[in-house]
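An overview of the molecular structure
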Amino acid sequence: MSRVLFVPRPESLTGIIGWGVYIPRQRVKADEIAGLWGFEKSLPKVLWIEEKAVASVDEDTVTMGWYAAKVAIERGSINPEFIGAVFVGTESKPYAVKPSATIIADALGVSKKKLSTDMEFACRAGGEGIRLAIALVASGSIRYGLAIGSDTAQASPGDVLELTASSGAAAYLIGPVSESVARFEGVVTYITDTPDFWRREGSKYPSHGEIFTGEPAYFHHIVEAVNMLFNELGLRPGDFDYAVFHQPNGKFPLQVGRKLGFPKEKILPGIVTPWIGNTYNGSALIGLAKVLEQAKPGERILVATFGSGAGSDAFSIVVRDGIEEKVEKGPKVDDLLKRKKYVSYSQYAKSRRLYIRNIG
Amino acid sequence: MIGSALTKVGRHFNRGYKELAGEVISNVISKSGIESVDLVVVSNMLSDSILDQLDLSTILMQNLGMTKVQALRIETGESSGLAALEVAWAAIKSGAAEKVLVVGVEKVTEYPTYKINKVYGKIVDYEIEFIRNITPPDYAALIMKAYLRRYGLKREDIIGWPVKMHENASKNTYAQLGFKVSPERVLDSMVISDPIHLLDTFPIGDGAAALVLTSNRVLRNAEVEPVELVHVSSAISVQMHLRDDITRLPATATVVSRLKEKFNEKVIREAAIELHDSYSIYAYLLIEEFGLANRGQAPKVVNELEFINISGGLKARGHPFGATGVYQVAELYKLMTEGFAGKKFDGKYAIAHSMSGPDYNARLALLQKIV
């Protein structure tokens, strides 16, 4: 007689212990950027981008990532000494060579016995950081892992990308499912070699394949990853209460959601890009934080990241008891969305160092 | 002409030029009911600069396993397609070939717009014009300004063409931009080169089209409905800076007057016409050069012309550069036989017109139904 052993998916042993978000205070209006460069008046509306967050001269990937991680640890109410891994997903690290993760980890008081790496995969390295943290926790290698997505995204002045490329960060503290307020039910990743967006060594700004970034890149990879997740877990769109997608603009997540069979009502709660822009590695992860801050225990959330090059991670997350209490332990995404100060294009250009000055 | 085939103009990210050309060649050969051809004339504008490929006709034939044919590539800027037709026509007329395959193919979307615009700009004199940053849309803008000033028109007065072209393209399943636009949307679209807006000009796209031409001897045994290619003509004009009046298109005027001499004006008035409307201002000037409206009056007659650019024109069907002229003729062949873009045409004649840049060269082909 043979017995079939039930082997749980490793990710089901883990969950979210805490989360944190940082959005810079400065905002520049998309209409102002579009007007300056002579884009179609309707373009910001078509893309659904109203304004974007602008990191100031004293904000970068490290400072924003540090703040988001600090809040994640506070929400988790754990001793940072027990964190065994810190991953920073970014495509705008302050140093070309020298890890950002070590700066953030030491500033937070994380244990010196740890793994710590900066990761680059356009907008989805933060999502891969979460997968790595899940694997390390599930295998028993570490107790807690910290995955951060943080970017001060670059866009060439006058490129359509400039309407959306913005700054922000999100951090997730991953730990044992027993301590978590949201558990991972399943996670899959779909990756191909698709050159839709890139920045070459030494280039100040990225290049992109224009309309090629849509169908063969963003839409294809997210749809494939999410369908893979549905098949593996035996779930359908109707089983989810929320769907959060990477948000290069406000329009794409609604379109990809429609393709997958999600009504607008399940996507809108996680939408942030129209008011802060595309925070790249922060994008889907800030959307998830916004959803966690309104979700009820038992509700199921779909998250799908996207990174150019290209790939997508799809997560199924189920909210657990105790989440409401965690929400109150740090600034909420809604608070950060409201905390803003408008700046002109010239102030934005100064903040993002678009003017080249001769110093000394 | 015993057959035509075309593929939808668009951004074919998953297909290269070999696949695009291969598809239309295999379609047109099977439709024409012939087993072989003597000569293949390939028209293509940018293979050397965009695809890094010289001798395109040889490489294409090798890849399609067609090594028993003669093949050559033709390039005369934006009018390459009709130039290929001219060569095919001459080969048959001279007796050098009996069955000729004309293939227009262009694959440009491997690269971003700025790169495509840069190589497209080389259709004007690189050493004199391009190098001073004068490109085809700039000339179109200067001509449009001159036209508006000459006839006291406002920008809004010449907006009917793109609206009509999008309307036509909405019925053409092979068109790249098969959606309708309002006059407001044209005016609100991005400025490309003032006063030219994005919706005054063609979209960037890939495409392939093919035709089979035969001699009368071969035609006698053909089982398909033929259309006669009765006249092909081309001309070259002087550069923009040497023109007395930039609102005239001299090369087109030459080929039109030759057509009138050989046939008559009635042919033009009764024909279904495909015009080279790379910028909407050119459509108005061409309507006037063809004698379909008096000078300065073209904007008023646009909506009365039924069989003009029923494909949607370069504006909305699209402009896969070297393939465009072949598209025009392939569409007109379909229109005269099975019908095209939701239309049937009872007339006897059809005219394809193509030019490069601001009429630096112009080409014209006259098709006639065989009754």
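Keep in mind it's a predicted model, so treat the numbers as computed, not measured.

**Considering the overall build of chain A**
Scanning chain A for helices and strands turns up 13 helices and 14 strands. By the compact-globule yardstick of 21 Å for 360 residues, chain A fits well, its C-alpha radius of gyration being 19 Å. Projected onto its principal axes, the C-alpha positions of chain A cover 75 × 45 × 35 Å. Counting every position in chain A, which comprises 360 residues, the buried fraction comes to 53%.

**Here we look at the overall build of chain B**
Helix and strand counts for chain B stand at 15 helices and eleven strands. Computed over its C-alpha atoms, the radius of gyration of chain B comes to 19 Å, within 12% of the 21 Å expected for a compact globule of 371 residues. Once the C-alpha set of chain B is aligned to its principal axes, its extents read approximately 55 × 45 × 40 Å. Taking the contacts inside chain B whose residues are at least 6 apart along the sequence as the reference set, 78% of them involve residues at least 24 apart.

**Points about the sheet that holds strand 7 (residues 207-214) of chain B**
Residues and elements named next belong to chain B. Across the sheet, which stays open at both edges, the five strands sit in the order 1-7-4-2-3 with mixed pairing between neighbours. In the strand order of this sheet, the two ends are held by strand 1 (3-6) and strand 3 (70-74), each with one partner. On average, each strand axis in the sheet is tilted by 15 degrees relative to the strand beside it, whichever way the strands run. For strand 2 (residues 39-43) and strand 3, the ladder comprises five bridges, and the chain directions are parallel. If you follow valine 40 over to strand 3, its bridge partner there is alanine 71. On the sheet, helix 1 (residues 17-32) packs against strand 1, strand 4 (99-106) and strand 7 and is oriented at approximately 35 degrees with respect to strand 7.

**Remarks on the domain arrangement of chain A**
Residues and elements named next belong to chain A. What the domain assignment lists for chain A is domain 1 (10-181 + 328-351) and domain 2 (183-319). The centre of domain 1, based on its C-alpha atoms, is set 15 Å off from the matching centre of domain 2. Secondary-structure elements contributing two or more residues to the side of domain 1 that touches domain 2 are strand 1 (14-22), helix 2 (43-47), strand 3 (51-54), helix 5 (125-138), strand 6 (144-152), strand 7 (167-176) and helix 12 (333-338). Top contributing element to the side of domain 1 that touches domain 2 by residue count: helix 5, with six residues. By residue class, the composition of the side of domain 1 that touches domain 2 is 23 nonpolar, 16 polar and ten charged.

**A closer look at the domain arrangement of chain B**
All names here are of chain B. Along its sequence, chain B is organised into domain 1 (3-112 + 205-219) and domain 2 (136-202 + 227-369). The straight-line distance from the C-alpha centre of domain 1 to that of domain 2 is 23 Å. Residue-level contacts link 35 residues of domain 1 with 32 residues of domain 2. For the side of domain 1 that touches domain 2, a count of residues per class yields 17 nonpolar, twelve polar and six charged.

**With respect to the interface of chain A and chain B**
Tallying the contact residues gives eleven residues for chain A and eight residues for chain B. In terms of residue class, the side of chain A that touches chain B is made up of four nonpolar, four polar and three charged.

**Let's talk about the packing of helix 4 (residues 80-94) of chain B against helix 15 (residues 324-336) of chain B**
Residue and element names in this part refer to chain B. Contact pair helix 4 / helix 15: the axes reach a minimum separation of 5 Å and the direction vectors enclose 70 degrees. One way to sum up the angle between helix 4 and helix 15 is to call them roughly perpendicular. When helix 4 is examined against helix 15, the residues Ser80, Gly81, Leu82, Ala84 and Leu85 are found in contact with a partner set consisting of Thr324, Gly325, Val326, Tyr327 and Val329. When the residues that make up the contact of helix 4 with helix 15 are grouped by side-chain class, the tally is six nonpolar, four polar and no charged.

**Considering the environment of phenylalanine 87 of chain A**
All names here are of chain A. You can see phenylalanine 87 is positioned in strand 4 (residues 83-89). Spatially, the C-alpha atoms of phenylalanine 87 and leucine 146 are 6.3 Å apart, while their sequence positions differ by 59 residues. Apart from the residues lying within four places of it in its own chain, the contact partners of phenylalanine 87 are Ala101, Thr117, Met119, Gly129, Leu132, Ala133, Ala147 and Ile148.

**Focus on unusual backbone geometry**
In this model, glycine 309 of chain A is joined to alanine 310 of chain A through a cis peptide bond whose omega is 0 degrees. With respect to the secondary-structure elements, alanine 310 of chain A resides in strand 13 (residues 309-319). Here the bond from aspartate 194 of chain B into proline 195 of chain B is cis, since omega is 5 degrees, no more than 30 degrees from zero. Summarising the element assignment, proline 195 of chain B is placed in the loop between strand 5 (191-193) and strand 6 (196-197). In this structure, lysine 98 of chain A is a non-glycine residue whose phi angle is positive, near 140 degrees. As for its placement among the helices and strands, lysine 98 of chain A is situated in the loop between strand 4 and helix 4 (100-108). Phi is positive for aspartate 55 of chain B, which is not a glycine, with a value near 50 degrees. Residue placement: aspartate 55 of chain B occurs in the loop between helix 2 (47-50) and helix 3 (56-63). With 13 C-beta atoms packed within 10 Å, aspartate 55 of chain B lands in the partly exposed category.

**Some remarks on the packing of helix 6 (residues 136-150) of chain B against helix 12 (residues 280-289) of chain B**
A pair of packed helices can be characterised by two numbers: the angle between their axes and the separation between those axes. Residue and element names in this part refer to chain B. Running from amino to carboxyl end, helix 6 crosses helix 12 at an angle of 55 degrees, the nearest separation of the two axes being 9 Å. If you check the angle between helix 6 and helix 12, you find them oblique. You can see that helix 6 and helix 12 cross each other, and the crossing is left-handed. Facing helix 6, whose interface residues are Ala140, Ile143, Met144 and Tyr147, helix 12 presents Ile281, Tyr282 and Tyr284. Each residue belonging to the contact of helix 6 with helix 12 can be placed in one class, and the counts come to seven nonpolar, no polar and no charged.

Rules of the game
Here the residue index of a chain counts from 1 through its sequence in written order. Chain letters start at A and ligand numbers start at 1, both assigned in the order the entries are written. For this predicted model, a pLDDT threshold of at least 70 governs which residues receive local features, and a threshold of 80 or more governs which side-chain atom pairs are given and counted, while totals over whole chains, interfaces and linings are taken from all residues. Labels follow the DSSP assignment, with helices taken as runs of H or I lasting at least four residues and strands as runs of E lasting at least two, numbered in each case from the N terminus. Atoms counted for the radius of gyration: C-alpha only. Globule rule: 2.2 Å times the number of residues to the power 0.38. Each residue is classified by how many other C-beta atoms fall within 10 Å of its C-beta atom, where C-beta atoms are placed from the backbone; a count of 20 or more means buried, 12 or fewer means exposed, and values in between mean partly exposed. We call two residues in contact when their backbone-placed C-beta atoms lie within 7 Å. Pairing between strands requires that DSSP locate at least two bridges from one strand to the other. Axis definition: a line fitted to C-alpha atoms, limited for helices to the stretch in contact. Angles are taken between N-to-C directions and run from 0 to 180 degrees. Each domain's extent was defined by an automatic or database domain assignment. Under the convention adopted here, Pro, Cys and the residues Ala, Val, Leu, Ile, Met, Phe, Trp and Tyr are nonpolar, Asp, Glu, Lys and Arg are charged, and Gly plus all remaining residues are polar. Small angles under 35 degrees read as roughly parallel and large ones over 145 as roughly antiparallel, with 65 to 115 read as roughly perpendicular and the rest as oblique. Left-handed describes a crossing in which the near helix is turned anticlockwise from the far one by less than a right angle; the clockwise case is right-handed.

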